[in-house]
There are 2 protein chains.
Amino acid sequence: MDEVFKALADASRRSLLDRLHAKNGQTLNELCDGLAMTRQAVTKHLGILEAANLVGTLKHGREKLHYINPVPIHQIGERWIRKFERGKLAALSELKRQLEKRDE
Amino acid sequence: MDEVFKALADASRRSLLDRLHAKNGQTLNELCDGLAMTRQAVTKHLGILEAANLVGTLKHGREKLHYINPVPIHQIGERWIRKFERGKLAALSELKRQLEKRDE
DNA sequence: ATAATAGGCAACCAGATGGTTGCATGTCAA
DNA sequence: TTGACATGCAACCATCTGGTTGCCTATTAT
């Protein structure tokens, strides 16, 4: 879980996921295209995404194809985000109550 | 958005949010309790959470009360997580297709 | 008034992170 | 088979990050 959060913390990596979301199964060079960094930097980012199980790869000849794995993202939504959404209204009204109390 | 992801990337900070989720409106010292780091370190973490608008504070005498703000978390769920959930099944079946193709 | 309590601020430090360059390897095409 | 192409690997570098220590300020309680 921690690895996934860490992986998602970087804007370049989120952008890579976006690109894969737009077109799955791209090669390394394809993913480098238009990015303001070297291929090696992209390799590192993809490595981190892979380690976090956010992308899977498939070697096809001399090319390496990258596929998004939506499961960890979904898990974060399920196990983490929703937990805080449940208390949302309660938390807001509590905050409101406290803010009003301040001016007494 | 980037600030929120960065803030959530650290396990200590997520744990602080958990604590606030369990009991909202805690003071700094309360939040320090039982954690294996100095008060100053916790202050920094809370500062980052505050900068990301994940917690709001209220001064009450010499105490500083911390309240969770669920909105940014909710936004990440809405604007980011859901996007990838939509393509989930499609992505999985695509991956499956590719994996099978490999063994041809 | 004074001591204890709650917190703020700044300097410093080691290790992680994001990036680079340079070169090696494996695969495809001519 | 030889050159071009897609990728891998390693060393290096600057900066960011998470943590520390030391000291200062403000509020409360005795």
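Only a predicted model underlies this, so the values are computations on that prediction, with no experimental measurement involved. (Residues numbered from 1 in each chain as written. Chains lettered and ligands numbered in written order. Predicted model: local features only at pLDDT ≥ 70, side-chain atom pairs only at ≥ 80, totals over all residues. Heavy atoms only, no water.)

## Quick notes on the protein's contact with DNA strand C
- Every one of the 23 residues lining DNA strand C counts as a neighbour, but Thr38(A), Gln40(A), Lys44(A), His45(A) and Arg62(B) are closest to it.
- In DNA strand C, atoms within 4 Å of the protein come 58% from sugar and phosphate.
- Contact distances for DNA strand C include 2.8 Å between a base oxygen and a side-chain N or O atom of Arg62(B).
- Elements supplying a minimum of two residues to the surface near DNA strand C: α2 (11-22) and α4 (39-51) of chain A together with α3 (28-32), α4 (39-51) and β3 (63-68) of chain B.
- The element contributing the most residues to the surface near DNA strand C is α4(A), with five residues.
- The residue inventory of the surface near DNA strand C, partitioned by class, reads four nonpolar, nine polar and ten charged. (Near = heavy atom within 4 Å. Polar contact = N/O pair within 3.5 Å; in protein donor to acceptor, adjacent residues only side chain to side chain. Helix = DSSP H or I, 4+ residues; strand = E, 2+ residues; numbered from the N terminus. Nonpolar A, V, L, I, M, F, W, Y, C, P; charged D, E, K, R; others polar.)

## So, the nonpolar core
- Counting 44 residues, the largest nonpolar core has Leu17(A), Leu54(A), Leu17(B) and Leu54(B) as the members making the most contacts within it.
- The residues contacting Leu54(B), other than those within four sequence positions of it, are Val4(B), Ala7(B), Leu8(B), Leu17(B), Leu49(B), Tyr67(B), Ile68(B), Asn69(B), Pro72(B) and Ile73(B). (Core = buried A, V, L, I, M, F, W, Y, C linked by side-chain atoms within 4.5 Å. Buried < 20%, exposed > 50% of the residue type's maximum accessible area, 1.4 Å probe, protein only. Contact = heavy atoms within 4.5 Å.)

## Things to note about unusual backbone geometry
All names here are of chain A.
- Phi is positive for Asn53, which is not a glycine, with a value near 65 degrees.
- Relative to the assigned elements, Asn53 resides in the loop between α4 and β2 (55-60).
- Assessed through its relative accessible area of 45%, Asn53 is described here as partly exposed.

## Side note on the environment of Ala7(B)
Residue and element names in this part refer to chain B.
- Following the sequence through the fold, Ala7 ends up in helix α1 (residues 2-8).
- According to the relative accessible area criterion, Ala7 is buried, its value standing at 1%.
- For the pair Ala7 and Ile48, spaced 41 residues apart in the sequence, the C-alpha separation amounts to 6.2 Å.
- Here Ala7 is in contact with Arg13, Ile48, Leu49, Ala52 and Leu54, once residues within four sequence places are set aside.

## Focus on the protein's contact with DNA strand D
- Of all residues adjacent to DNA strand D, which total 21 residues, the nearest are Asn29(A), Thr38(B), Gln40(B), Lys44(B) and His45(B).
- The share of sugar and phosphate among atoms of DNA strand D within 4 Å of the protein is 58%.
- One of the side-chain nitrogen or oxygen atoms of Arg62(A) is found 3.1 Å away from a base oxygen of DNA strand D.
- Every element with two or more residues in the surface near DNA strand D is listed here: α3 (28-32), α4 and β3 (63-68) of chain A together with α2 (11-22) and α4 of chain B.
- Examining the composition of the surface near DNA strand D, we find that five residues originate from one element, α4(B), more than from any other.
- Here the surface near DNA strand D is built from residues that sort into four nonpolar, eight polar and nine charged.

Any functional reading would require information that these geometric values do not contain.
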